[in-house]
Amino acid sequence: MPENPEENLLVLQLSEDSRKIARLLSNETSIRILKLLYRRSMSAADIADELKVRLNTLKYNLDSLLEAGLIRVRQVKWSRKGREIKIYEAVEKVIILLPGKKSPDMSLILTMLRQHSLKNPEGSDISGVYCEPGI
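A brief structural summary. (Residues numbered from 1 in each chain as written. Predicted model: local features only at pLDDT ≥ 70, side-chain atom pairs only at ≥ 80, totals over all residues. Heavy atoms only, no water.)

Before going further, it helps to examine the nonpolar core. Ranked by internal contacts, the top residues of the largest apolar core, which has 20 residues, are Ile-33, Leu-37, Ile-47, Leu-58 and Leu-62. Of all the elements in the fold, those that place two or more residues in this core are helix 1 (16–25), helix 2 (28–39), helix 3 (44–51), helix 4 (55–68) and strand 4 (84–90). (Core = buried A, V, L, I, M, F, W, Y, C linked by side-chain atoms within 4.5 Å. Buried < 20%, exposed > 50% of the residue type's maximum accessible area, 1.4 Å probe, protein only. Helix = DSSP H or I, 4+ residues; strand = E, 2+ residues; numbered from the N terminus.)

Below, the structure is given as structure tokens:
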């Protein structure tokens, strides 16, 4: 469990950032990448092979997912030729979209999520603000 539960919580107000996340989550390649990385950490080349997509298409999607905080670089390895190989993994994150312009009260949101998990224990465990992704 993370020390700071807010790290696994992404609260978006209606904005350009929320539109970017919505576009990512409606992109089939991004969803397929997230599904793969949720199961195991992989390099870009391994993901491209598994999904049968071109590396440059994959790179675009990986960069977008990294920027959104939905994946991260777990480690960096070096090939025999001295090239950097990044190993990616999915980030377990709860995403909440809030309409309006006021800054959200994070403690209130965390409390609500914990209360929800008590009512619906099979779908989520919010003690560490973790929810089983519905991907």
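Take the sheet that holds strand 2 (residues 42–43) next. If you walk across this open sheet you meet the three strands as 2-4-3, and the pairing is antiparallel. In this open sheet, the two strands that pair with only one neighbour each are strand 2 and strand 3 (71–78). Of the pairings in the sheet, the one linking strand 2 to strand 4 comprises two bridges and is antiparallel in character. Bridged to Ser-43 within strand 4 is Ile-87. Packed onto the sheet, helix 2 meets strand 2, strand 3 and strand 4 and runs at close to 90° relative to strand 4. In the packing of helix 4 onto the sheet, the strands contacted are strand 3 and strand 4, and the crossing angle to strand 3 comes to about 120°. (Pairing = 2+ DSSP bridges. Contact = heavy atoms within 4.5 Å. Axes fitted to C-alpha atoms, helices over the stretch in contact; angles between N-to-C directions.)

Glancing now at the environment of Leu-55. Take Leu-55: it is sitting in helix 4. In sequence terms Leu-55 and Ala-45 are ten residues apart; their C-alpha atoms lie 6.9 Å from each other. When sequence neighbours within four positions are dropped, the list of residues in contact with Leu-55 reads Ala-44, Ala-45 and Ala-48.

In contact at an axis separation of 10 Å, helix 3 and helix 4 are set at 115° when each is read in the N-to-C sense. Crossing hand, helix 3 versus helix 4: right-handed. Judged by residue contacts, Ala-44, Ala-45, Ile-47, Ala-48 and Leu-51 of helix 3 engage Leu-55, Leu-58 and Leu-62 from helix 4. (Left-handed = near helix turned anticlockwise from the far one by under 90°.)

Looking at chain direction, strand 3 and strand 4 are connected through seven bridges and run antiparallel. Within strand 4, the position partnered with Val-73 by the bridge is Tyr-88. The turn linking strand 3 back onto strand 4 is made up of five residues, and Gly-82 within it adopts a positive phi angle of 80°.

Scanning all chains against the criterion turns up five salt bridges. Residue Lys-20 pairs with Glu-67 through a salt bridge whose shortest N-O separation is 3.7 Å. In this pair, Lys-20 sits in helix 1 while Glu-67 sits in helix 4, placing the two residues 47 residues apart along the sequence. Since its relative accessible area comes to 35%, Lys-20 is described here as partly exposed. On the accessibility criterion, Glu-67 (62% relative accessible area) is exposed. Asp-63 is paired through a salt bridge with Lys-59; the nearest N and O atoms lie 2.9 Å apart. Of this pair, Asp-63 and Lys-59 both sit in helix 4, four residues apart, which is roughly one turn of the helix. Taken together, the salt bridges that share partners define one network made up of Arg-72, Arg-74 and Glu-89. (Salt bridge = Lys/Arg side-chain N within 4 Å of Asp/Glu carboxyl O.)

Structural measurements only, silent on function.
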